[in-house]
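# Coordinate analysis (summary)
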Amino acid sequence: ARAIDVAGGEANLRRLRSVSLSYTGHRNMINQSRRAFPPWDREPASGAVIVDRERARMFAENYTSYPGIGRFGGVWALKGDKGAHWEAARNHHGSEVMANFSGRDADGPWAFIPRWIPPLMLLDAWDSGTNLRSLGDTMRNDKSMHALAWTQRDGATITLLVDSRGGAFSGFEWIHDD
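Below is a short write-up of the structure. Predicted, not measured: the structure shown is a model, and the values here were computed from it.

### Examining the pairing of strand 2 (residues 42-52)
Direction of pairing for strand 1 (residues 18-28) relative to strand 2: antiparallel, over a ladder of 11 bridges. In the strand pairing of strand 2, Leu21 is matched with Val49. One ladder, built from seven bridges, connects strand 2 with strand 3 (residues 57-66); its direction is antiparallel. For Val51, the partnering residue across the bridge sits in strand 3 and is Met58. With antiparallel pairing between neighbouring strands as the criterion, strand 2 and strand 3 make up a hairpin whose turn holds four residues, including Ala56 at a positive phi of roughly 55°.

Dropping the structure here:
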């Protein structure tokens, strides 16, 4: 609850109707790196996420590359529990529909969105109700953190770190078994 207050309060976060972000940078693909141990390959990454919470619509795209193989990308578009995931033609594979979503199949993409947008992640944790668990305190970068965990609707387990002193969202980890 304190992290939600620090982020502006529950009422203000719930008033968010449209949320978007874009990014350009790098990602460390630990399990796809050419080396088993650090330093792992650092690959370029870019993308955008747009969420229309009022109309239950989302669009997301991201692009990166595998070391030595080439660029790849993915695009997701959903309205409610219907949508699609495809590889855009801007990569070495060409364009191909990867999946069509309906019903529970849409849980994965919708659960993925809060992982990109911290205010939505805080609401996702809060709304998980009795599924939310305190893991206690830990240290990260010489700062005291409180760890919370819950399972999202797609089965991913999220561990959220909140600064013990100020209550600010500090980071997260997710584990998902495909």
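### Some thoughts on the nonpolar core
Residues Leu78, Ile113 and Ile117 are the most contacted members of the largest nonpolar core, which totals 13 residues. Sorting the residues of this core by element identifies strand 2, strand 3 and strand 4 (70-79) as the ones contributing at least two each. Ile117 has contacts with Val19, Leu21, Val49 and Val51, leaving out every residue within four places of it along the chain. One finds Ile4, Leu13, Leu148 and Trp150 within the second-largest nonpolar core, a separate group that totals 12 residues.

### Some points on the pairing of strand 4
Sheet topology note: the strand 3/strand 4 ladder contains 10 bridges and is antiparallel. Bridge pairing links Thr64 to Phe72 in strand 4. Turn length for the strand 3-strand 4 hairpin, with the two strands adjacent in sequence and antiparallel, is three residues, and the turn residue Gly68 shows positive phi of about 75°. The hairpin turn running from strand 4 into strand 5 (residues 82-87), its antiparallel successor, is two residues long, and Gly80 in that turn takes a positive phi close to 65°.

### Points about the layout of surface pockets
For the largest pocket, the calculated volume is near 1,600 Å³. Looking at the largest pocket, it is lined by 35 residues, and the ones nearest its centre are Arg27, Gln32, Asn62, Phe112 and Trp174. Where the lining of the largest pocket is concerned, the elements lending two or more residues are strand 1, strand 3, strand 4, strand 5, helix 3 (107-112) and strand 10 (169-175). For the lining of the largest pocket, the class distribution of residues is 15 nonpolar, 14 polar and six charged. Roughly 420 Å³ of volume is contained in the second largest pocket. Together, 18 residues line the second largest pocket, and Arg53, Trp110, Pro114, Asp124 and Arg153 are the ones closest to its centre.

### Some points on the side chain of Asp52
Assignment of secondary structure puts Asp52 in strand 2. According to the relative accessible area criterion, Asp52 is buried, its value standing at 7%. Polar contacts involving the side chain of Asp52 include one to the main-chain amide nitrogen of Glu54, which spans 3.3 Å. Engagement of the side chain of Asp52 in a polar contact is seen with the side chain of Arg57, the distance being 2.7 Å. Ignoring any residue separated from it by four or fewer positions in sequence, one finds Asp52 in contact with Arg17, Ser18 and Arg57.

### Regarding the packing of aromatic side chains
According to the stated counting rule, one finds five aromatic pairs in the structure shown. Both rings, one in Phe172 and one in Trp174, keep their centres 6.0 Å apart while their planes meet at 10°; by these two values the pair is stacked. On the basis of relative accessible area, Phe172 is assigned to the partly exposed category, the value being 31%. Of the residues examined, Trp174 reaches a relative accessible area of 37% and is grouped as partly exposed. Ring pairing ties together the aromatic residues Tyr23, Trp76, Phe112, Trp116, Phe172 and Trp174, which thus form one cluster. Geometry around Trp174 places Arg115 over its ring, the cationic atom sitting 4.9 Å from the centre.

How each quantity is defined
- Residues numbered from 1 in each chain as written.
- Predicted model: local features only at pLDDT ≥ 70, side-chain atom pairs only at ≥ 80, totals over all residues.
- Heavy atoms only, no water.
- Pairing = 2+ DSSP bridges.
- Helix = DSSP H or I, 4+ residues; strand = E, 2+ residues; numbered from the N terminus.
- Core = buried A, V, L, I, M, F, W, Y, C linked by side-chain atoms within 4.5 Å.
- Buried < 20%, exposed > 50% of the residue type's maximum accessible area, 1.4 Å probe, protein only.
- Contact = heavy atoms within 4.5 Å.
- 1 Å grid on protein atoms, 1.4 Å probe; cavity = no way out; pocket = protein on both sides within 12 Å on 5 of 7 lines; lining within 4 Å.
- Points joined across faces, edges and corners; volume = space filled by probe spheres on them.
- Nonpolar A, V, L, I, M, F, W, Y, C, P; charged D, E, K, R; others polar.
- Polar contact = N/O pair within 3.5 Å; in protein donor to acceptor, adjacent residues only side chain to side chain.
- Phe/Tyr/Trp six-rings, centres within 6.5 Å; stacked < 30°, edge-to-face > 60°.
- Lys NZ or Arg CZ within 6 Å of the ring centre and 35° of its normal.

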